[in-house]
Amino acid sequence: MKAKKILAAVTALSLTTVVFASCGDSADSSSSTAAVTTTTAVTTTTTAATTTTAAAESAADSAATDSSADATTGGDSDYTPVKTFEGYDAFLMFADSQWLWGNWQGQGEADATQAFGVDADVTGDGEYTVSITNASIAYDDPDEGINPQIALDGDYAVGAEGCVVMCVDIIGLLNGDTLKGTGDPKTTKDVPGKYNADDLKVELKSIKADGQEVAFDNAKIKYGNIEDNNNCYRIEIYNDYGDTAKDSPIDKDNLAFEDSLEITFSIEGLSE
């Protein structure tokens, strides 16, 4: 499943002007810039209000307006969306350097329209893997339609290069003080969850691009309540407009893949 390196007319260049304002912990890391994978993760909590997810959703909406009429088909033979979860929906939020391969929502979110990932059902302590694949990102969903943030070569998405955003969100976990919504926190982000970020221990275990390990410095990754306007626990691996942009945990400019990006993490402290 190897796509040609040609950017089709559906490229979402207008998205590069979007202010993707995620405000994390402002403390600078003193860790070496050498890539390591064994550093002990420290769960941190921040309370700065941000508009990260709203900005991302607005960006995807803009892309849908600008996309070419040619983007009418997508691959679906190797992907079936899973939209119901027994536990908490964890998903990989991502866009490459051209704001393509966009995935901004979890499959379990109510009325999700920008969910094109392979999510994990977090039912208790353990290790979980979330991903985006060529088949998922180019899937022509009967409910959501085709992803506006892809460039297609036939039925397949042109390979991703670099990134502007790479985060894992676990929906429904946190009880942010500003949240006033009602209903099920596992499907609606503005409903308070049951945990404080400090009650949980989360650690990034691996990043794989097309099955190959991607080096990272765990000490530079941001963990916890990075946004206090939703109930998501976030692992911020990289964000062009977040604190990780100041001292990146990964070599984002040399990141490239054509078939899949997978992230594995562990979580401890859940009572379920």
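A. Structural view of the overall build of the chain. When helices and strands are counted, the chain shows 2 helices and 15 strands. Across the 272 residues that make up the chain, the buried fraction comes to 54%. For the chain, the share of sequence-separated contacts (at least 6 apart) that also reach a separation of at least 24 residues comes to 75%. Of the roughly 11200 Å² that the chain leaves accessible, carbon and sulfur atoms contribute 46%.

B. Summary view of the pairing of strand E1 (residues 88–95). Summarising burial for E1: 8 of the 8 residues are buried, a large majority. Here E1 shows no split at all, with Tyr-88, Ala-90, Leu-92 and Phe-94 on one side and Asp-89, Phe-91, Met-93 and Ala-95 on the other all buried. Here E1 runs beside strand E2 (residues 120–122); their pairing, made up of 3 bridges, is antiparallel. Across the sheet, Tyr-88 pairs through a bridge with Val-122, a residue of E2. Relative to strand E9 (residues 165–170), E1 is paired through 6 bridges, and the arrangement is antiparallel. Of the residues in E9, the one forming a bridge with Ala-95 is Val-165.

C. Representation of the sheet that holds strand E10 (residues 201–209) in the model. As summarised here, the arrangement of the 4 strands in space is E3-E15-E10-E11, forming an open sheet in which the pairing is antiparallel. Whereas interior strands pair on both sides, the edge strands pair on one side only; in this sheet they are strand E3 (126–133) and strand E11 (212–213). Direction of pairing for E10 relative to strand E15 (residues 260–268): antiparallel, over a ladder of 8 bridges. Residue pairing in the sheet places Lys-208 in a bridge with Glu-262 of E15.

D. Up close: the pattern of salt bridges. Within the structure shown, the criterion is met by 8 salt bridges. Ionic pairing is found between Asp-247 and Lys-220, a salt bridge with its closest N-O pair at 3.2 Å. Of the two residues, Asp-247 is situated in the loop between strand E13 (233–239) and strand E14 (256–257) and Lys-220 in the loop between E11 and strand E12 (222–224); the sequence distance between them amounts to 27 residues. The class for Asp-247 is partly exposed, based on a relative accessible area of 22%.

E. Focus on the packing of aromatic side chains. Inspection of the entire model under this criterion finds 5 aromatic pairs. Taking 5.2 Å as the distance between ring centres and 80° as the angle between the ring planes, the aromatic pair formed by Tyr-79 and Tyr-139 counts as edge-to-face. Here the residue Tyr-79 occupies a position in the loop between helix H1 (52–66) and E1, and Tyr-139 occupies one in the loop between helix H2 (134–137) and strand E4 (140–141), the gap between them amounting to 60 residues. For the pair Tyr-128 and Phe-265, a centre-to-centre distance of 6.1 Å together with 35° between the ring planes defines the contact as tilted. With Tyr-128 in strand E3 and Phe-265 in strand E15, the pair connects residues that are 137 residues apart, well separated along the chain. Take Tyr-128 and Phe-265: they sit in the same class, and that class is buried. Joined through ring pairs, the aromatic side chains of Phe-94, Trp-101 and Phe-257 make up one cluster. Stacked on the ring of Tyr-88, the Lys or Arg Lys-186 has its end atom at 4.7 Å from the ring centre.

F. Molecular detail of the sheet that holds E2. Ordered in space as E2-E1-E9-E13-E12, the 5 strands form an open sheet in which the pairing is antiparallel. For this open sheet the edge positions go to E2 and E12, each flanked by a neighbour on one side alone. Shown here is a sheet whose adjacent strand axes are inclined to one another by a mean of 15°, direction ignored. Taken together, the 3 bridges between E12 and E13 define a ladder with antiparallel strand orientation.

G. Quick look at the nonpolar core. Within the largest apolar cluster, 50 residues are counted, with the highest numbers of intra-cluster contacts made by Phe-94, Met-166, Leu-173, Ile-207, Tyr-233 and Phe-265. Of all the secondary structure elements, the ones that give two or more residues to this core are E1, E2, E3, E9, E10, E13 and E15.

H. The environment of Asp-228, seen in detail. Residue position: Asp-228 is located in the loop between E12 and E13. Expressed as a C-alpha distance, the spacing of Asp-228 and Asp-177, which sit 51 residues apart in the sequence, is 7.4 Å.

I. Quick peek at the side chain of Glu-236. Assignment of secondary structure puts Glu-236 in strand E13. Although Glu-236 is buried, it makes no salt bridge; Arg-234 carries the closest opposite charge, 5.1 Å away. Among the polar contacts made by the side chain of Glu-236, one reaches the side chain of Thr-244 at a distance of 2.7 Å.

Rules behind the numbers
Residues numbered from 1 in each chain as written. Predicted model: local features only at pLDDT ≥ 70, side-chain atom pairs only at ≥ 80, totals over all residues. Heavy atoms only, no water. Helix = DSSP H or I, 4+ residues; strand = E, 2+ residues; numbered from the N terminus. Buried < 20%, exposed > 50% of the residue type's maximum accessible area, 1.4 Å probe, protein only. Contact = heavy atoms within 4.5 Å. Areas by Shrake-Rupley, 256 points an atom, 1.4 Å probe, with all protein chains shown as cover. Pairing = 2+ DSSP bridges. Salt bridge = Lys/Arg side-chain N within 4 Å of Asp/Glu carboxyl O. Phe/Tyr/Trp six-rings, centres within 6.5 Å; stacked < 30°, edge-to-face > 60°. Lys NZ or Arg CZ within 6 Å of the ring centre and 35° of its normal. Axes fitted to C-alpha atoms, helices over the stretch in contact; angles between N-to-C directions. Core = buried A, V, L, I, M, F, W, Y, C linked by side-chain atoms within 4.5 Å. Lys, Arg positive; Asp, Glu negative; His and termini not counted. Polar contact = N/O pair within 3.5 Å; in protein donor to acceptor, adjacent residues only side chain to side chain.

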